[in-house]
Each structure stands twice: as C-alpha cells, then as structure tokens.
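Listed below are the residues making up each chain.
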Amino acid sequence: LGPPHPSTKDNIPKAEKKTLYEKVVEVLYRLVLAAAFVLHSHGLATLAKCFWIVCFMILGISQLGPLRDIDTKYFKKKGQNKPIDLYQFIYMAYPYYYLFKDAVFNQSKTFASATLPADLNKTPVLYIYGKEKNAKFHSNTSLALLHQQEKEKKNKSKAIGIDGAGHFFFTENQQKAACFEAIEKFIVTTK
C-alpha cells in the first residue's frame, strides 16, 4: 500500500510513525530480495540462492527479518514436505529491484504513481494485511486514511488487519477464510 495520492494531502489524518526497528527490517528485507533478483537475472541463480539462504539465516537469527514463525508454514506446499522452489521465489522479487532502483539511483519512476487513487469514491480500495509481522510494508498514512474514510463513511474503502496472520495471511495455513470473506463482502458492497 503506497502513500496517499498527492491531491489528498490536506485530508490526511495523523498516522503512527514506523519505528527505527521497523524501518531497518523493511530496508534489509527489500535489499536482500533486490540483490538476489539481480544475481538471478544475470545468470547467477545458484549464487542468488546461496545469497538468499545466508542472508535470511542472518536476518532470522538477528531477528531483523520481517517474518515470524507463523509464516514459515507458507514455504511448504499443502500436504508435502518439499519446500516451494526457491528460484521461483527469488524471481518473484523483481519489484524490490525496481523499488531500490527508484530510491537509490533515481533512474526509474516505476513506482512513482503507486499511490492510493485520487478519488476513493470512484475507485474504492480494500487493503488486507496480517498483523503478526516484525515490519509492515504499507504506508501508515494511507492505512490511517482508509480507516478514516471507512469510519466517516465517505466511501466504501476499507483497511483490514487480520489477527493470527502474518505476511502470507491469504494461505490455508493462516487466515485464508477470513481473507476471502473480506474480499467477497467488499465486492458485494461495492457493486
């Protein structure tokens, strides 16, 4: 969940600031994902895999990773002990490369328009997230704005934090039913 649209700057409620710990966890996580993707995309898949494993071991041991024990179940396919293919996981990390490219080198504006819509009446937003994480990768300002919009019944936008769920809140191992129930309710009420 990106920041609010620039045109809504005057109507934004105060939001809880991220702690230094949350900021460090977020940056380290994104940096590891971006670097692993770069290695993988340059034909160094085995090195990318080793880098990923070592970095996430260090982040886990130092408690600087974003995930908690609740999320480790996601890494196993239903009914199997075989982990999900790590190469696939690394390849899916491409957005983090572009986030860093935007932030560090200012060469690309890939995510410059990744904000909440300017008109939440015209384009309502449902944002669902798990609460059991060491860092949340959303804008607290946007989250506060969505909560305010819902409370004041200004539009049909909602932000839903799910208890007992982490980063992979939508999986069978966590709160899949609650997630799909929220989506279904949102779709029905926004028709």
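Scroll up to find the structure this text is about.
Enquirer: Now, about the overall build of the chain: what can you tell me, with residues and values included?
Expert: Within the chain, the secondary structure is distributed over seven helices and two strands. Each helix and strand of the chain, ordered N terminal to C terminal, gives the series α-α-α-α-α-β-α-β-α. A total of 191 residues make up the chain; the buried ones form 34% of that total. Partitioning the intrachain contacts of the chain with sequence separation of at least 6 by distance along the chain shows that 72% fall at a separation of at least 24. For the chain, the accessible surface area stands at approximately 11,900 Å², while carbon and sulfur atoms represent 58% of it.

Enquirer: An account of a nonpolar patch on the surface is requested, with residue identities and associated values reported.
Expert: Taken together, the side chains of Ile 53, Met 57 and Ile 61 present a nonpolar region at the surface, about 330 Å² in accessible area. Within the secondary structure, Ile 53 is located in helix H2 (residues 45-61). The class of Ile 53 is partly exposed, set by a relative accessible area of 38%.

Enquirer: Talk me through the packing of aromatic side chains; I want residue IDs and the actual numbers.
Expert: Under the defined criterion, the tally for this structure stands at 10 aromatic pairs. Their ring planes at 25° and their centres at 5.6 Å tell us that Tyr 127 and Tyr 129 sit as a pair that is stacked. Each member of the pair, Tyr 127 as well as Tyr 129, carries the same accessibility label: buried. An aromatic cluster of at least three residues, connected via ring pairs, comprises Tyr 29, Trp 52, Phe 56, Phe 89, Tyr 96 and Phe 137.

Enquirer: Before we move on, could you go through the pairing of strand S2 (residues 158-162) and cite the residues and values that matter?
Expert: The sheet contact formed by strand S1 (residues 126-130) and S2 spans five bridges and is parallel. Within the sheet, the bridge partner assigned to Tyr 129 lies in S2 and is Gly 161. Once the chain exits S1 it traverses helix H6 (residues 140-151) before rejoining the sheet at S2, and the crossover so formed is right-handed.

Enquirer: An account of the pattern of salt bridges is requested, with residue identities and associated values reported.
Expert: For the coordinates displayed, the defined rule picks out five salt bridges. The partner of Glu 150 in a salt bridge is Lys 158, and the shortest N-O contact between them spans 3.1 Å. For Glu 150, a relative accessible area of 28% translates into the label partly exposed. Each member of the salt-bridge network shares a partner with another, and the members are Lys 18, Glu 26 and Arg 30.

Enquirer: Can you break down the layout of surface pockets residue by residue, with the values?
Expert: In this structure, the largest pocket spans a volume of roughly 890 Å³. Lining the largest pocket are 30 residues, with Leu 1, Gly 2, Arg 30, Leu 99 and Phe 137 positioned closest to its centre. For the lining of the largest pocket, the secondary-structure elements that each account for two or more residues are helix H1 (20-41), helix H5 (94-105) and S1. Across the lining of the largest pocket, the residue classes tally to 18 nonpolar, six polar and six charged.

Enquirer: Describe the nonpolar core, with residues and values.
Expert: Core analysis: the biggest nonpolar cluster contains 18 residues, and Leu 33, Trp 52, Ile 90 and Tyr 96 have the highest contact counts within it. Secondary-structure elements contributing two or more residues to this core are H1, H2, helix H4 (86-91) and H5. Tallying contributions element by element places H1 first for this core, with seven residues. Leave out the neighbours within four places in its chain, and Ile 90 touches Ala 36, Phe 37, His 40, Ala 48, Lys 49 and Trp 52. In terms of nonpolar packing, the next biggest core, distinct from the first, is built from nine residues, Leu 116, Leu 143, Leu 145 and Ala 159 among them.

Enquirer: So what's going on with H5? Residues and values would help.
Expert: In this model H5 runs 16 Å from its N-terminal to its C-terminal C-alpha over 12 residues, within 8% of the 16 Å that 1.5 Å per residue would give. Here H5 has its buried residues at Tyr 96, Phe 100 and Asp 102. Buried residues of H5, viewed axially, fall in a sector of 160°; they line one side. Next to the buried residues of H5 lie H1.

Enquirer: I'd like to hear about H6, residue by residue, with values.
Expert: Here H6 is 12 residues long and its end C-alpha atoms lie 16 Å apart, about the 16 Å a rise of 1.5 Å per residue gives. Asn 140, Ser 142, Leu 143, Ala 144, Leu 145, Leu 146, Gln 148 and Gln 149 are the residues of H6 that are buried. Tucked into the core, H6 has its buried residues touching S1 and S2. Just past H6, the residue Lys 153 takes up positive phi, approximately 50°.

Basis of the calculations
- Residues numbered from 1 in each chain as written.
- Predicted model: local features only at pLDDT ≥ 70, side-chain atom pairs only at ≥ 80, totals over all residues.
- Heavy atoms only, no water.
- Helix = DSSP H or I, 4+ residues; strand = E, 2+ residues; numbered from the N terminus.
- Buried < 20%, exposed > 50% of the residue type's maximum accessible area, 1.4 Å probe, protein only.
- Contact = heavy atoms within 4.5 Å.
- Areas by Shrake-Rupley, 256 points an atom, 1.4 Å probe, with all protein chains shown as cover.
- Patch = residues over 30% accessible without salt bridge, like charges linked within 9 Å, V, L, I, M, F, W, Y side chains within 5 Å.
- Salt bridge = Lys/Arg side-chain N within 4 Å of Asp/Glu carboxyl O.
- Phe/Tyr/Trp six-rings, centres within 6.5 Å; stacked < 30°, edge-to-face > 60°.
- Pairing = 2+ DSSP bridges.
- Right-handed = clockwise from strand over helix to strand, strands pointing away.
- 1 Å grid on protein atoms, 1.4 Å probe; cavity = no way out; pocket = protein on both sides within 12 Å on 5 of 7 lines; lining within 4 Å.
- Points joined across faces, edges and corners; volume = space filled by probe spheres on them.
- Nonpolar A, V, L, I, M, F, W, Y, C, P; charged D, E, K, R; others polar.
- Core = buried A, V, L, I, M, F, W, Y, C linked by side-chain atoms within 4.5 Å.
- Expected span 1.5 Å × (residues − 1).
- Arc of directions from axis to C-beta.

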